[in-house]
Amino acid sequence: MRVCFDSVGGGANPNEDWVGASPDLAVVLDGLSTAGLSTGCRHGVPWYVAHLGGHLMSAFADPHLSLPDGLATALERVAALHPECDLANPGTPSATVAVVRQRHAVLDYLVLADSPVVFEDVQGGHTVITDLRVDDVLPELRAEVESHETHTPGHRAALQRFVLAQRQVRNTPDGYWVASTNPEAAQHCLTGSTELRDVRSAAVMSDGVSRLVTEYEMATWYDVFAALRTVGPRGLIETVRKTEASDPTGRRWPRYKSGDDATVAYCQW
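Now for a description of the structure that goes with this document. The structure presented is a predicted model; accordingly, all values stated were derived computationally and were not measured. (Residues numbered from 1 in each chain as written. Predicted model: local features only at pLDDT ≥ 70, side-chain atom pairs only at ≥ 80, totals over all residues. Heavy atoms only, no water.)

### Digging into the nonpolar core
Line of reasoning, step 1. Ranked by internal contacts, the top residues of the largest apolar core, which has 28 residues, are Val27, Leu29, Tyr48, Leu52, Leu56, Leu71 and Val97.
Line of reasoning, step 2. For this core, the elements supplying multiple residues, two or more each, are strand S3 (25–31), helix H1 (45–60), helix H2 (67–81), strand S4 (95–103) and strand S5 (106–112).
Line of reasoning, step 3. Excluding residues that lie within four positions of it along the chain, valine 97 makes contacts with Val28, Leu29, Leu56, Leu71, Leu110, Val111, Leu112, Ser115 and Ala179.
Line of reasoning, step 4. Formed by 20 residues, the second largest nonpolar core is a distinct cluster that contains Val118, Met205, Tyr216 and Val264. (Core = buried A, V, L, I, M, F, W, Y, C linked by side-chain atoms within 4.5 Å. Buried < 20%, exposed > 50% of the residue type's maximum accessible area, 1.4 Å probe, protein only. Helix = DSSP H or I, 4+ residues; strand = E, 2+ residues; numbered from the N terminus. Contact = heavy atoms within 4.5 Å.)

### Some thoughts on the layout of surface pockets
Line of reasoning, step 1. Each pocket or cavity is described by its volume, and for the largest pocket that value is around 830 Å³.
Line of reasoning, step 2. For the largest pocket, the lining is made up of 35 residues, of which Asp114, Asp207, Arg211, Glu215 and Tyr256 are closest to its centre.
Line of reasoning, step 3. At the level of elements, S3, helix H3 (139–146), helix H4 (153–169) and helix H5 (207–214) are the ones that each hand at least two residues to the lining of the largest pocket.
Line of reasoning, step 4. Classifying every residue of the lining of the largest pocket by side-chain character gives 16 nonpolar, seven polar and twelve charged.
Line of reasoning, step 5. There is about 640 Å³ of room inside the second largest pocket.
Line of reasoning, step 6. Together, 24 residues line the second largest pocket, and Asn13, Ser33, Leu159, Tyr256 and Lys257 are the ones closest to its centre.
Line of reasoning, step 7. Top element by residues in the lining of the second largest pocket is H4. It accounts for four residues.
Line of reasoning, step 8. Of the residues in the lining of the second largest pocket, the class split is six nonpolar, 13 polar and five charged. (1 Å grid on protein atoms, 1.4 Å probe; cavity = no way out; pocket = protein on both sides within 12 Å on 5 of 7 lines; lining within 4 Å. Points joined across faces, edges and corners; volume = space filled by probe spheres on them. Nonpolar A, V, L, I, M, F, W, Y, C, P; charged D, E, K, R; others polar.)

Written out as structure tokens, the structure reads:
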């Protein structure tokens, strides 16, 4: 497996995405925005995704360990690194997870929350693995955020109200699941396997990239993979940035940020 990847922050703040790869593995994490609210953790989201990513790479290196079990192990290990923080705080740093791992002639995948894995098959079709349960949570507050242009006081206040409410249903049966401190989240992933012979390539990405197709509707998955083959991950991310620059205040595409952190790992065989 050949993997090339890139990750670009969405603005002046530190990049809260993380990407790592080996000849058998690609992992992308997308740290959840705090919207400027307290998390109870003195380390912050970039610290969390960096440490979780490292522990995931270590756990997933064992081909006999299932991806959910590897994620549960990594969550426990990272929680043990900062016991002095308030890990019971509902806003404690957390992240989405997207993984592809090769085991001989089989590709395993894991998705937790809305960072997708997309497979391109040998006939040129595409299969998208993503978990969109978060989109069903608190639709009224989501609509309130999207009613404001970005970079306005009303947008910031609405976003904070939305994030505070999301935290109350995060990692609960009535809400949605992300990687945080509770290893139980690993049991709520979307997982599966596909035969390597059926796959031409795969892309593991944060929603800062996938929204070019899913939200902005300015490209198809065919376009995305054509760009990955010709201009690579950085070129694809630059396309996302150019699209967002044409709508800096979110009038055409209402969103939480003018530009989100964007990460993609492109896997070829």
